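# Inside the fold
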Amino acid sequence: MSSGVTKQFQESNQSPFKWKGCTDIICCILFMAVILGYIAVGILAWLYGDPRHVLYPRNSTGWFCGTGPNKNRPNLLYFNILKCATSINVMASALNGLQCPTTQVCVEKCPSTFWGVGSESYLPGSKPADTFNQSLCVPSIDLANTDLTVQQIVDKELCPFFHVPTISVLGRCLPDITALGDPSNLSSIQGLPSSANDTINIIKYGTGDIVNGFNARDIGVRIFEDFASSWPWILLGLLIAMVVSMLFLLLLRFTAPVMVWVLIIGVLGAGAYGIWHCYWEYDNHKKNSATITDIGFTTNFNVYLQVQETWLAFLIIISVAEAIILLTLIFLRTRILIAIALIQESSKAISHMMSAMLYPLITFVLLLVCVAYWGATALYLATSGGPIYRVVALNSTMSGCSSINGTMDCDPQNFTSSDYPGCPSASCIFIKYNDEGLFQRNLFNLQIYNAVAFLWCANFVIALGQCTLAGAFASYYWAFTKPDDIPMFPVYGGFMRSLRYHVGSLAFGTLILTLVQIARVILEYIDHKTREAQNPVARFILCCMKCCLWCLEKFIKFLNRNAYIMIAIYGKNFCVSAKNAFMLLMRNVVRVVVLDKVTDLLLFFGKLLVVGGVGVLSFFFFSGRIPLPGNTFRFETLNYYWMPIITVVFGSYLIAHGFFSVYNMCVDTLFLCFLEDLERNDGSLQKPYFMSKNLMKILNKSNKAKKKGRGED
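A brief look at the structure comes next. Just so it is clear, the model here is predicted, and its values are computed rather than measured.

## Remarks on the nonpolar core
With 103 residues, the main nonpolar core has L252, F473, F674 and M691 as its most contacted residues. Among all residues touching F473, those that are not within four sequence positions of it are A349, I350, M353, A356, V662, M665, C666, T669 and L670. Judged by nonpolar contacts, the second largest core, of 22 residues, contains L77, F79, F114 and L143.

## Side note on unusual backbone geometry
One non-glycine residue, D24, lies in positive phi territory at about 50°. Looking at where D24 falls in the secondary structure, it is placed in the loop between α1 (3-11) and α2 (25-48).

## A closer look at the pattern of salt bridges
In the structure shown here, the tally under the stated rule is seven salt bridges. The residue R520 makes a salt bridge to E553 at a minimum N-O spacing of 2.5 Å. With R520 in helix α18 (residues 503-529) and E553 in helix α19 (residues 536-570), this pair connects stretches of sequence that are 33 residues apart. The closest approach of N and O atoms between D596 and K597, which form a salt bridge, is 3.8 Å. Its relative accessible area of 53% is what places K597 among the exposed residues. Overlapping salt bridges bring together R520, E553 and K557 as one network.

## A closer look at helix α20 (residues 574-587)
If you check α20, its first and last C-alpha atoms are 20 Å apart, about what 14 residues at 1.5 Å a residue would give, namely 20 Å. For α20, the set of buried residues is F574, S577, A578, A581, L584 and L585. Down the axis of α20, the buried side of the element spans an arc of 135°, and every buried residue falls inside it. On the buried face of α20, the contacting elements are α18, α19, α21 (589-622) and α22 (642-680). Of the residues flanking the start of α20, the one acting as N-cap is N573, its side-chain oxygen 3.3 Å from the backbone nitrogen of C575.

## Quick word on the state of the cysteines
Taken as a whole and assessed by the stated rule, the structure comprises three disulfides. The residue that forms a disulfide with C110 is C173, at a sulfur-sulfur distance of 2.1 Å. Disulfide C110 to C173: torsion about the S-S bond roughly -80°, handedness left-handed. Residue C110 is found in the loop between β2 (104-107) and β3 (115-116), and its partner C173 is found in strand β6 (residues 172-175); the two are separated by 63 residues along the sequence. Sulfur-sulfur distance for the disulfide between C137 and C159 comes to 1.9 Å. Residues C137 and C159 share a disulfide whose torsion about the S-S bond is about 115°; that sign makes it right-handed. A residue pair is termed long-range when its members are at least 10 positions apart, and C137 in the loop between α6 (128-131) and α7 (150-155) and C159 in the loop between α7 and β4 (162-163) qualify at 22 residues. With a relative accessible area of 4%, C137 lands in the buried category. What makes C159 buried here is its relative accessible area of 2%. The thiol sulfur of C22 is not disulfide-bonded, and the nearest other cysteine sulfur, from C28, lies at 7.2 Å. Judged by its relative accessible area of 52%, C22 is exposed.

Basis of the calculations
- Residues numbered from 1 in each chain as written.
- Predicted model: local features only at pLDDT ≥ 70, side-chain atom pairs only at ≥ 80, totals over all residues.
- Heavy atoms only, no water.
- Core = buried A, V, L, I, M, F, W, Y, C linked by side-chain atoms within 4.5 Å.
- Buried < 20%, exposed > 50% of the residue type's maximum accessible area, 1.4 Å probe, protein only.
- Contact = heavy atoms within 4.5 Å.
- Helix = DSSP H or I, 4+ residues; strand = E, 2+ residues; numbered from the N terminus.
- Salt bridge = Lys/Arg side-chain N within 4 Å of Asp/Glu carboxyl O.
- Expected span 1.5 Å × (residues − 1).
- Arc of directions from axis to C-beta.
- Polar contact = N/O pair within 3.5 Å; in protein donor to acceptor, adjacent residues only side chain to side chain.
- Disulfide = S-S within 2.5 Å.

Encoded structure:
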């Protein structure tokens, strides 16, 4: 049939595939307003925030390490790292501020050895320049020209009186647990004061078990080396997974009937074997006169396998299950044939629009943009306040330091400890970021807005992909003459129709889903905060509430998915489409269940084939069981050959999941179109069926007038 005749059909309402205009305009406006507000929040965060607080560590004088005057000194050294560890997590300083009561200086390289001020250095006449390392002291002191003694420098924390081997972690010199675990390194620092020895011993022995049991840094380096030498072969494995996934889906048009019946017969065969084995065990134990009354109750479940009643129960259960499966196959054989035909038709549809297989990449990129924008906005918001510095006594046990309680503000670049003669250990350190301004007082609300907008945008991107694919596959089904009447660029057309007409409907559906997800997050937060105070009744209630919200979220995702398909077909608003989709599925609930289970069975088998096949192939390759000619790749160079295998298996699963999600959307779309076709049309000249000849043959239906070029077999 020509395209002109198809257009005539569409104009006379035989085909529902049309668009009346924009849908859910109010929700579209609301979504656009939220997006504009999200952009405004990002701009404000960019204006007020300073990511250098996270990217670069800050020394005690307020200067960033690795930039400005400290460009050549990118690492931050803590004079007494133990004080930081006992006050707050060191790495938490990135967002929450590091209230670390010790001097911090920018250094070019982190110390890699044990060192400490010996007892003889405290004697009169000792020169600070001969004791300390100038590069590790505060910039304000010149050891060659200072009048201060070693004791005074130590009391004021102008130079560290000891240091341990450290490594740079995100620009911060943290203890190197590998070197700390080697006691021979301590031989070079005899004569330390007791405070330094105690600190070193606490750090050393506190991490000794970790060092002896697991060297994370060394293993990380080895894993990186494995990836560096095997990445071309990892990419080859992922390419094989992509090709196998695509071939599996395309060949389903030929192999779906065989695969489905083979799997069904396999299940029946396994059940039959289970019945025979249970009867055999029952007969053996019956002859031995072993009964459950002989053993009574016991926690050793293996004992129950030695009595006849256990195998009799297994025999009855498996027999009942086998009978149910057989009766289901007998009464639902037609619906199974319909499901197989729809799966074959989906494979045909994908073969006519291969670009649909690449659409998950677009969804992935858009989700990546959403995640990046959310992370950047959260980072800038967290660092939007100016830093606050206060006077703190580094050694509160000294006389004259009791009046310094950390409430006096100070400027680290102009601070001098001589202003506090009674407390030489007084120092100006960073406490937190300013939260007193109007913008800073609303940071929490802005972070909440950032999280909610992110969830809404991420769900919208997923919904956009579903509606786009549904529009593309619906255009295939409602093309009366296939493939002549299929649009030139169906995926592009579905994408543009979704953006032009249905942004409001997609935003409406995703808003409902986002609200449910927010409720789940709030409930998880409440559960986490009140876990220690919960009694069994409260835990049970919270568990039931979380279970109900989880089920509600799954139901809304199912309803939204089918609503988007109806939106792509009819072009109506979300509520009407959701209602029509739900009622249509409920009128055909048995067909829905059969198609869903048959599709799940095939796709599960497909994922098992792709992931298992590629995983086994990668195992034989990376373990050296499949040699390559020449010296192209030597598996002996790998430290842990299982890491490339795990990477290939995980990547293969993601690739198979992406391809199969498109196929699953195709099956669902064609199924709803098929149900609409059955209810709208009767095969007459005015209302011909759009389904394939195979489906009409299964249902004993036909179009009264045979048209040349009608569909594909």
